[in-house]
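Survey of secondary and tertiary structure
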Amino acid sequence: AAKLDAFDNHERVWHGRDEERGLNAIVAIHNTVLGPGLGGTRVWPHETFEAGLTDVLRLSRGMTFKSAVAGMDFGGGKALIIANSKTDKTPALLEAYAEMLMALNGQYFTGEDVGFTVADADFLRKRTPNVTGTTVGGSGNPSPVTAHGVFLGIKAALKHRGIATLDGVHVAVQGLGSVGWTLCQKLHAEGARLSVTDIDAARMEEAQKVFKATPVALDAILKVEADVFAPCALGGVLSAENIPMLGAKIVAGAANNPLVRHEDARLMMERGVLYAPDYVINAGGLLNVAAELAPGGYDREATMAKVAKIPETLADIFARAEAQKRPTNDIAAELAFERINAARRD
Ligand code: NAI
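Conventions and cut-offs
Residues numbered from 1 in each chain as written. Predicted model: local features only at pLDDT ≥ 70, side-chain atom pairs only at ≥ 80, totals over all residues. Heavy atoms only, no water. Helix = DSSP H or I, 4+ residues; strand = E, 2+ residues; numbered from the N terminus. Rg over C-alpha atoms; globule rule 2.2 N^0.38 Å. Buried < 20%, exposed > 50% of the residue type's maximum accessible area, 1.4 Å probe, protein only. Contact = heavy atoms within 4.5 Å. Lys, Arg positive; Asp, Glu negative; His and termini not counted. Charge placed at Lys NZ, Arg CZ, Asp CG, Glu CD. Near = heavy atom within 4 Å. Polar contact = N/O pair within 3.5 Å; in protein donor to acceptor, adjacent residues only side chain to side chain. Areas by Shrake-Rupley, 256 points an atom, 1.4 Å probe, with all protein chains shown as cover. Pairing = 2+ DSSP bridges. Right-handed = clockwise from strand over helix to strand, strands pointing away. Axes fitted to C-alpha atoms, helices over the stretch in contact; angles between N-to-C directions. Domains from an automatic or database assignment. Buried area = accessible area lost by both parts, 1.4 Å probe. Salt bridge = Lys/Arg side-chain N within 4 Å of Asp/Glu carboxyl O. Nonpolar A, V, L, I, M, F, W, Y, C, P; charged D, E, K, R; others polar. Core = buried A, V, L, I, M, F, W, Y, C linked by side-chain atoms within 4.5 Å. Phe/Tyr/Trp six-rings, centres within 6.5 Å; stacked < 30°, edge-to-face > 60°.

With that out of the way, let us pick up the overall build of the protein. Summing up its helical and strand segments, the protein has 13 helices and 12 strands in all. Rg of the C-alpha trace for the protein: 19 Å, near the compact-globule value of 20 Å for 346 residues, within the 12% margin. Counting only C-alpha atoms and orienting by the principal axes, one finds that the protein spans roughly 50 × 50 × 40 Å. Looking at the 346 residues of the protein, the share that counts as buried comes to 54%. A separation threshold of at least 6 residues defines the contact pool for the protein, and within that pool the share at least 24 residues apart is 65%. Within the protein, one finds 36 positive and 41 negative side-chain charges whose respective centroids are separated by 4 Å.

By nearness alone, 21 residues border the ligand, and Thr146, Ser178, Val179, Asp198 and Ala233 come closest of all. The contact in question runs from an oxygen atom of the ligand to an N or O atom on the side chain of Arg42, over 3.0 Å. Within the complex, the protein chains bury 82% of what would otherwise be the 840 Å² of accessible surface of the ligand. Broken down by secondary-structure element, the contributors of at least two residues to the shell around the ligand are α5 (143–160) and α6 (178–189).

This part is about the pairing of strand β8 (residues 193–197). For β8, the buried fraction is high: 4 of the 5 residues fall into the buried class. Here 5 bridges tie strand β7 (residues 170–174) to β8, and the two strands are oriented parallel to one another. If you follow Val173 over to β8, its bridge partner there is Val196. Crossover connection from β7 via α6 to parallel β8: handedness right-handed.

Sheets are built from strands paired through backbone hydrogen bonds, the pairs being either parallel or antiparallel. What the 6 strands build is an open sheet, ordered β9-β8-β7-β10-β11-β12; its pairing is parallel. A single partner strand is all that each edge strand has here, and the edge strands are β9 (214–215) and β12 (274–275). Where β8 lies against β9, 2 bridges are found, and the strand directions are parallel. Bridge pairing links Val196 to Pro215 in β9. Lying over the sheet, α5 contacts β10 (228–231), β11 (250–251) and β12, oriented at roughly 155 degrees with respect to β10. Its contacts with the sheet put helix α7 (residues 201–211) on β8 and β9, and the angle it makes with β8 is roughly 170 degrees.

Our next topic: the domain arrangement of the protein. Examined at the domain level, the protein breaks down into domain 1 (7–58 + 74–125) and domain 2 (143–282 + 312–337). Computed from C-alpha atoms alone, the centre-to-centre distance between domain 1 and domain 2 is 27 Å. At the interface, 7 residues of domain 1 touch 6 residues of domain 2. Between domain 1 and domain 2, roughly 560 Å² of surface is buried when both sides are summed, and carbon and sulfur atoms account for 54% of that area. Our count for the contact surface shared by domain 1 and domain 2 stands at 0 salt bridges. At the boundary of domain 1 with domain 2, the tally comes to 2 residue pairs in polar contact (both at pLDDT 80 or more). Classifying every residue of the side of domain 1 that touches domain 2 gives 3 nonpolar, no polar and 4 charged.

Below, the discussion takes up the side chain of Thr132. Structurally, Thr132 can be placed in the loop between α4 (118–125) and α5. Using a relative accessible area of 0% as the deciding quantity, one classes Thr132 as buried. Ignoring anything within four residues of it in the chain, the contact list for Thr132 reads Leu38, Thr110, Gly111, Glu112, Ala121, Val289, Glu292 and Leu293.

Ranked by size, the top nonpolar core spans 64 residues in total, and within it Ile154, Val171, Val173, Leu187, Leu194 and Val196 carry the most contacts. If one sorts the elements of this core by residue count, α5 sits on top with 9 residues. There are two domains that each give this core at least three residues, and those are domain 1 (7–58 + 74–125) and domain 2 (143–282 + 312–337). Apart from residues no more than four positions distant in its own chain, Val171 is found in contact with Leu187, Ala192, Arg193, Leu194, Ser195, Ala226, Val228 and Ala230. Core analysis: the next-biggest nonpolar cluster, separate from the first, contains 22 residues, Ala25, Leu93, Met100 and Tyr108 among them.

Once that is clear, we can look at the pattern of salt bridges. Counted according to the given criterion, the structure contains 14 salt bridges. Among the salt bridges present, the one from Glu99 reaches Arg21, with a minimum N-O distance of 2.9 Å. Pair noted here: Glu99 is in helix α3 (residues 91–103) and Arg21 is in the loop between β1 (12–18) and β2 (23–31), with a separation of 78 residues, a long-range link. Among the residues examined, Arg21 registers a relative accessible area of 26% and is labelled partly exposed. A salt bridge links Glu263 to Arg261; its shortest N-O distance comes to 3.6 Å. Residue Glu263 is classed as partly exposed on the basis of its relative accessible area, which comes to 47%. Three or more residues joined by partner-sharing salt bridges are found here, namely Arg42, Asp55, Lys78 and Asp113.

Attention now moves to the packing of aromatic side chains. The final tally for this structure, using the stated rule, is 3 aromatic pairs. Consider the rings of Phe65 and Tyr279, whose centres lie 5.4 Å apart with planes at 45 degrees: the pair is tilted. In this pair, Phe65 is assigned in helix α2 (residues 49–69) and Tyr279 in helix α9 (residues 278–281), connecting sequence segments 214 residues apart. Note on Phe65: relative accessible area 5%, which makes it buried. A centroid spacing of 4.8 Å and a plane angle of 50 degrees characterise the contact between Trp181 and Phe211, whose relative ring orientation is tilted. In this pair, Trp181 sits in helix α6 while Phe211 sits in helix α7, placing the two residues 30 residues apart along the sequence. For the pair shown, Trp181 and Phe211 are each scored as buried.

What follows is the structure, given as structure tokens:
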């Protein structure tokens with residue numbers, strides 16, 4: 001735990017405020033030992049500034065781990081615009097945000113996250129080079145690549161449990177957004193049985209039609225006795241209170257920070273639940289956007305080869321965790337520390 005704490009301090013946190021244009025943004029750079037901060041911009045109407053700050057600090061810290069474990073030369077960073085993406089995200093607000101990014105002088109590169117779309121990235125790209133995930137000479141929407149990595153990760157977890165095929169495997173998916181929907185497509189195509197939930201009723205209806213998915217109430221998805229629970233909505237969905245109610249024996253999904261507290265992964269381990277650490281299984285999108293910043297530009301084939309390593313990394317983490325009787329997220333953090341500490345010594 002002492003080692004974990006050593007990475008808790010963020011290098012820099014900026015607060016950008018432009019009342020006239022409606023901008024209230026935080027850019028958090030957690031750690032740049034491996035390279036400049038890279039991580040998406042979230043647009044979410046947090047009720048208080050403190051709630052937003054907590055969210056963005058946790059997310060930017062997670063990006064440090066994600067880049068390190070995926071073998072990338074980037075550090076951890078994340079941004080939050082405290083606003084409702086449907087009603088407040090005006091061109092004026094995005095203009096003000098682009099100016100904030102420019103003022104950061106390339107210490108932080110951004111891209112898509114919840115509430116921040118490819119169209120927004122394209123809008124920013126015309127104003128600042130510090131944006132990825134654009135269609136303007138870039139790689140576009142990272143979500144399908146994230147979904148592909150999660151899909152491969154679910155298969156790796158099943159394989160670890162001796163299940164070789166998705167045929168007839170039951171997956172409970174929380175959140176049918178960009179990643180969750182594509183994940184459902186892939187799972188359905190290989191014969192998985194789906195239970196789904198989303199706050200968006202239209203998405204639920206569509207999933208019933210397209211995937212013959214079973215709709216589940218929001219607060220019931222965790223209890224579904226599925227083979228896999230795939231959290232693909234927001235973070236903070238697993239806690240000491242509800243882990244005892246988990247119906248699935250594997251937790252593997254896209255959501256960042258699904259655990260309220262890192263330490264609670266131990267409770268999952270004790271229940272015999274195999275947990276695929278978030279930043280390992282959901283690194284596909286980051287690998288995809290980072291490829292845009294490579295010297296030769298975006299190379300899809302090389303990127304997908306890196307995404308194909310996600311299940312290998314997970315298999316290694318699962319094996320080490322089992323051998324050492326430790327939670328999988330401790331092992332994943334250790335992998336990240338090894339890389340960052342080695343770079344520090346260079
Ligand atoms: P999204 O915004 O497209 O989808 C989220 C979905 O979850 C929406 O359909 C929303 O209605 C639903 N939702 C929200 N609250 C819910 C709740 N309480 N219960 C059930 N459903 C709820 O977001 P996206 O891009 O699909 O991302 C999903 C998660 O994966 C997020 O946590 C994100 O940070 C993470 N992630 C996404 C990556 C990407 O490439 N898009 C990359 C890495 C992580």
